[in-house]
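Report on the structure
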Amino acid sequence: MSSSPINVVVAGGTGDLGKLISKTLLTPVYRPNQINRVVVLSRDDSSPVAQELKTLGAEIHTGPVQADTLKGIDVVINAWGFTVPGDIHNALVNAVVDAGVKVYFPSAFGVEPHNLDAETKVFASKIGQADYAREVGKGALKVIEVYNGGFLGQIAQYAPVIGIDIPNKTLTSVGQGSAAARVSYTSERDIAYATARLAVLAAQDPSRVPDHVRISGTNTSWSHLAELLGKELGAKFEVKELDDTPFRDKIEKEGDFVSALRYAYGMGHVDLTTSTANELVNPGEGLWKWDTVEEYVKKTKGLSAA
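Predicted model only: the values in this text are computed from it and were never measured. (Residues numbered from 1 in each chain as written. Predicted model: local features only at pLDDT ≥ 70, side-chain atom pairs only at ≥ 80, totals over all residues. Heavy atoms only, no water.)

**Brief notes about the overall build of the chain**
Each helix and strand counted, the chain has 10 helices and 14 strands in total. For 306 residues, the compact-globule estimate of 2.2 N^0.38 gives 19 Å, and the C-alpha radius of gyration of the chain, at 20 Å, lies within 12% of that figure. The principal-axis extent of the C-alpha atoms belonging to the chain is close to 55 × 40 × 35 Å. Scored against the burial criterion, the 306 residues of the chain give a buried share of 49%. For the chain, restricting intrachain contacts to residue pairs at least 6 apart in sequence, the fraction spanning at least 24 positions comes to 79%. Accessible surface, the chain as shown: approximately 13,700 Å² in total, 50% of it carbon and sulfur. Computed over 30 positive and 36 negative side-chain charges, the separation of the two mean positions in the chain equals 4 Å. (Helix = DSSP H or I, 4+ residues; strand = E, 2+ residues; numbered from the N terminus. Rg over C-alpha atoms; globule rule 2.2 N^0.38 Å. Buried < 20%, exposed > 50% of the residue type's maximum accessible area, 1.4 Å probe, protein only. Contact = heavy atoms within 4.5 Å. Areas by Shrake-Rupley, 256 points an atom, 1.4 Å probe, with all protein chains shown as cover. Lys, Arg positive; Asp, Glu negative; His and termini not counted. Charge placed at Lys NZ, Arg CZ, Asp CG, Glu CD.)

**Quick look at the side chain of Ser47**
Looking at where Ser47 falls in the secondary structure, it is placed in the loop between β2 (35-41) and α2 (48-56). Of the polar contacts made by the side chain of Ser47, one reaches the backbone oxygen of Asp44; its length is 3.3 Å. (Polar contact = N/O pair within 3.5 Å; in protein donor to acceptor, adjacent residues only side chain to side chain.)

**Some thoughts on the sheet that holds strand β5 (residues 103-105)**
Pairing is parallel across the open sheet formed by six strands, whose spatial order is β3-β2-β1-β4-β5-β6. Edge positions in the open sheet fall to β3 (59-61) and β6 (142-143), since each of these has one partner strand only. Examined bridge by bridge, strand β1 (residues 6-11) and strand β4 (residues 75-78) share four bridges and lie parallel to one another. Opposite Ala11, over in β4, you have Asn78 as the bridge partner. Contacts from helix α1 (residues 16-25) reach β1, β2 and β4 within the one sheet, and its direction differs from that of β1 by about 165 degrees. (Pairing = 2+ DSSP bridges. Axes fitted to C-alpha atoms, helices over the stretch in contact; angles between N-to-C directions.)

**Focus: the side chain of Thr218**
Among the secondary structure elements, Thr218 is positioned in strand β13 (residues 218-220). The buried category is assigned to Thr218, whose relative accessible area is 8%. Apart from the residues within four sequence positions on either side, Thr218 is in contact with Leu152, Val183, Ser184, Tyr185, Asp291, Thr292, Val293 and Glu294.

**A short note on the packing of aromatic side chains**
Any aromatic ring pair is given by two values, namely how distant the centres are and how the planes are angled relative to each other. Per the counting criterion, the structure on display carries six aromatic pairs. Aromatic pair Phe82 and Phe257: ring centres 6.1 Å apart, planes at 10 degrees, arrangement stacked. Within this pair, whereas Phe82 is found in the loop between β4 and α3 (86-99), its partner Phe257 is found in helix α8 (residues 257-266), the two being separated by 175 residues in sequence. For Phe82, a relative accessible area of 79% puts it in the exposed group. By relative accessible area, which is 41% here, Phe257 ends up partly exposed. An aromatic cluster is present here, built from Phe82, Phe123 and Phe257 joined pairwise through their rings. (Phe/Tyr/Trp six-rings, centres within 6.5 Å; stacked < 30°, edge-to-face > 60°.)

Here is the structure:
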């Protein structure tokens, strides 16, 4: 157990989620008392985000990631997106283990893959990454998977894709009874806040943090979302439940991500509220207030016509 300031690496620390995690680690909340160094792994140290992070105090590393790169690092947070090949993730893990890093967060953000059914194969790479890290870590590496459900800030961006049709005042959900199925969403800001908090807690005492961390910043259903949109836009929204068979077929035959996501939402597989670590990372909302779907609908003026 240690209370000394720690050193943290963020892989993909200039990406959409990674930059928020990096910025959070660089705030006075953590530096210099809890965090000493923040090293960001990036492909381009001349990008505006990299330059901003450097101004805030981050070190930017653009070369190959080897054990020497991670020498003296306590925690590595992998915020690379799903487009990064698995062998790159594994190479990072190998360097993590060789360097003697204490805590590793694999790129597991989003839907939890452990209690799914038909859609499991689409999210299986998350399980593979974590399993590989635990295998090569041989018990000496604390591996923490963080699951947040959906990304609250992406609802407006991907509204038509996930079944939200603002012009026609219709929401479509997948499966019988899916209109009432609860879905956990967490804002990208809150994911960053929670991950930074978990990094410090785990570095100080790994036993305080479970291997599988579920956070749920807010919770909704398609019926509830329809009510919120109707109230904000002054119109009645309808929710239609679709047969899940075509979605299951597309998952099975094509491994289609969107079908898997919509199926998971409709089946209630993205409701994380029964076992969250919200109180561990943010006791009584004393550190910050979780962003809510109600606030998000208002902020986006009813999802800005999606």
